[in-house]
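Below, each chain spelled out in residue letters.
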Amino acid sequence: MFILTSVIYETRVMRHLDPESIIENFQEDFSESEKFLSTSLEILSDEKYITNDILTDELIRSLSGPLEVFFFKFRDDSLTYWSDNSVPFIPGTIHSANTEVLQLANGIYFHRDTLLGPYRLCALFLIKKNFPYQNEYLSNNFNASFDVPAESSISLYPGTYNITSRDKFLFSIEPPVLTDPGRIPGLLMLALYAFAFLSLCAAIYQLYLRFARFLRSKLLLVLAFCIDVVLLRMLMFFLKIPGNLHDSHIFSPGAFAASDWVPSMGDFLFNALTILVISYTLFITYRNIRLKKNISPFRRYFLIFSLFMHIFIFYRLFLWAVN
């Protein structure tokens, strides 16, 4: 159950990182934004809004939609109204009726306009910021309405992934090759695969219990099971299973690394789960064993000394493995 859930969730997460899926979702969102822009422009084309800027302001404030639209009104090539001063428009560029994608000083915008006698009404919405430099306050992100990685580049020339409007080419996008599912999805995938690992170990143990009569020894059963658990963990480690989870930041040595056997926090977690499974198996197998009460003092001290020696030896082995 956990294995199937983990695979399904991983598939859904990685689908959002697939360039084809990114472009498909972007095209749908862009088409919806374009429809909203055209509808808003059509409403504002009413004569009462064209001649009355106060009514135009009230209507623009009342418009609600998936994105912010910027409006400009010209009369005989003179700007008479603008809804926002954050768009550094170039009048000559905006007046070009054939130009639907405008590359302005601070970003790339989609543009539509309409002629109403001596008036020209223009509407724009942001596609992506395009500052000449970036800092903590200025970043070249896409419009919040578009779920596209900020690292994606935009070109006004045809490319691999083209964005169209009514079968007309507008621009192309080149999404980055992403393998990290992100912090929250990565942690959820880690939790699901951790439970899947534990459930698989439990299934193997139950399988051994069904064939316990053929082994005729609890010790042999426990040893065989522990070897299988270690082999399972080694397969995960050397083959980097699951692959997409190993590409996340959780398995990055930049966050945590102790040795060649513990190169990341994710490996540390699965190593700890392996030890937990083996320890719990030993506990449930031998928990009913009773120690003899009448034991000689020499044997008692020898067992205590041997216990401390084993602890010391395993501690030194652990330090050697880490270093």
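Please refer to the structure higher up on the page.
Figured I'd write up the structure that's included with this text. Since this is a predicted model, take the numbers as computed values, not measurements. (Residues numbered from 1 in each chain as written. Predicted model: local features only at pLDDT ≥ 70, side-chain atom pairs only at ≥ 80, totals over all residues. Heavy atoms only, no water.)

### Overview of the overall build of the chain
In step 1: Within the chain one finds 11 helices and eight strands.
In step 2: When the 323 residues of the chain are sorted by exposure, 36% land in the buried category.
In step 3: Sequence-distant contacts in the chain: of pairs separated by 6 or more residues, those separated by 24 or more amount to 53%. (Helix = DSSP H or I, 4+ residues; strand = E, 2+ residues; numbered from the N terminus. Buried < 20%, exposed > 50% of the residue type's maximum accessible area, 1.4 Å probe, protein only. Contact = heavy atoms within 4.5 Å.)

### Describing the sheet that holds strand β5 (residues 119-129)
In step 1: An order of β2-β1-β5-β4-β3 is seen for the five strands of this open sheet, with the pairing classed as antiparallel. The sheet is open, and its two edges are formed by β2 (78-82) and β3 (101-103), each paired on a single side. Across the sheet, the mean angle from the axis of one strand to that of its neighbour is 35°, orientation sign disregarded.
In step 2: Set on the sheet, helix α2 (residues 19-44) makes contact with β1 (70-75), β4 (107-116) and β5; between it and β5 the angle comes to about 155°.
In step 3: Running at roughly 45° to β2, helix α4 (residues 53-62) makes contact with β1 and β2 of the sheet. (Pairing = 2+ DSSP bridges. Axes fitted to C-alpha atoms, helices over the stretch in contact; angles between N-to-C directions.)

### Considering a negative patch on the surface
In step 1: Judged by side-chain charge, Asp18, Glu20, Glu24, Glu28 and Glu32 come together as a negatively charged surface patch.
In step 2: Relative to the helices and strands, glutamate 20 resides in helix α2. (Patch = residues over 30% accessible without salt bridge, like charges linked within 9 Å, V, L, I, M, F, W, Y side chains within 5 Å. Areas by Shrake-Rupley, 256 points an atom, 1.4 Å probe, with all protein chains shown as cover. Salt bridge = Lys/Arg side-chain N within 4 Å of Asp/Glu carboxyl O. Lys, Arg positive; Asp, Glu negative; His and termini not counted. Charge placed at Lys NZ, Arg CZ, Asp CG, Glu CD.)

### A look at the nonpolar core
In step 1: Among the nonpolar cores identified, the biggest contains 33 residues, and Phe26, Phe30, Phe125, Ile127, Phe171 and Ile173 are the most heavily contacted of them.
In step 2: Every element with two or more residues in this core is listed here: α2, α3 (47-50), α4, β4, β5, β7 (161-165) and β8 (168-174).
In step 3: For this core, the element with the most residues is α2, which contributes eight residues.
In step 4: If near-sequence neighbours (up to four positions away) are discounted, phenylalanine 171 is found in contact with Phe26, Phe30, Val101, Ile127, Ile154, Ser155, Leu156, Tyr161, Asn162 and Ile163.
In step 5: Of all hydrophobic cores here, the second largest spans 23 residues; its members include Phe197, Met236, Phe251 and Leu273. (Core = buried A, V, L, I, M, F, W, Y, C linked by side-chain atoms within 4.5 Å.)

### A look at the packing of helix α8 (residues 218-239) against helix α10 (residues 265-286)
In step 1: Viewed as axis vectors pointing N to C, α8 and α10 meet at an angle of 170°, and their least axial separation amounts to 11 Å. Between α8 and α10, the interaxial angle falls into the category roughly antiparallel. Note on element contacts: α10 touches α8 through Asp267, Phe270, Asn271, Thr274, Val277, Ile278, Thr281, Leu282, Thr285 and Tyr286, opposite Lys218, Leu219, Val222, Phe225, Cys226, Val229, Val230, Arg233, Met236 and Phe237.
In step 2: For the contact of α8 with α10, the per-class residue count stands at 13 nonpolar, four polar and three charged. (Parallel < 35°, antiparallel > 145°, perpendicular 65-115°, else oblique. Nonpolar A, V, L, I, M, F, W, Y, C, P; charged D, E, K, R; others polar.)

### Brief notes about the sheet that holds strand β6 (residues 153-155)
In step 1: What the three strands build is an open sheet, ordered β6-β8-β7; its pairing is antiparallel. A single partner strand is all that each edge strand has here, and the edge strands are β6 and β7. Going from strand to strand, the sheet's axes swing by 30° on average, the running direction of each strand aside.
In step 2: With three bridges joining them, β6 and β8 adopt antiparallel strand pairing.

### Side note on the packing of helix α6 (residues 183-210) against α10
In step 1: Interaxial distance between α6 and α10 falls to 11 Å at its minimum, and their mutual angle equals 30°. The angle between the axes of α6 and α10 places the two elements in the roughly parallel class. Judged by the twist between their axes, the crossing of α6 over α10 is right-handed. Across the interface between the two elements, Leu190, Tyr193, Ala194, Phe197, Leu198, Cys201 and Tyr205 from α6 touch Leu269, Phe270, Leu273, Thr274, Val277, Thr281, Ile284 and Thr285 from α10.
In step 2: Within the contact of α6 with α10, the residues separate by chemical class into 12 nonpolar, three polar and no charged. (Left-handed = near helix turned anticlockwise from the far one by under 90°.)

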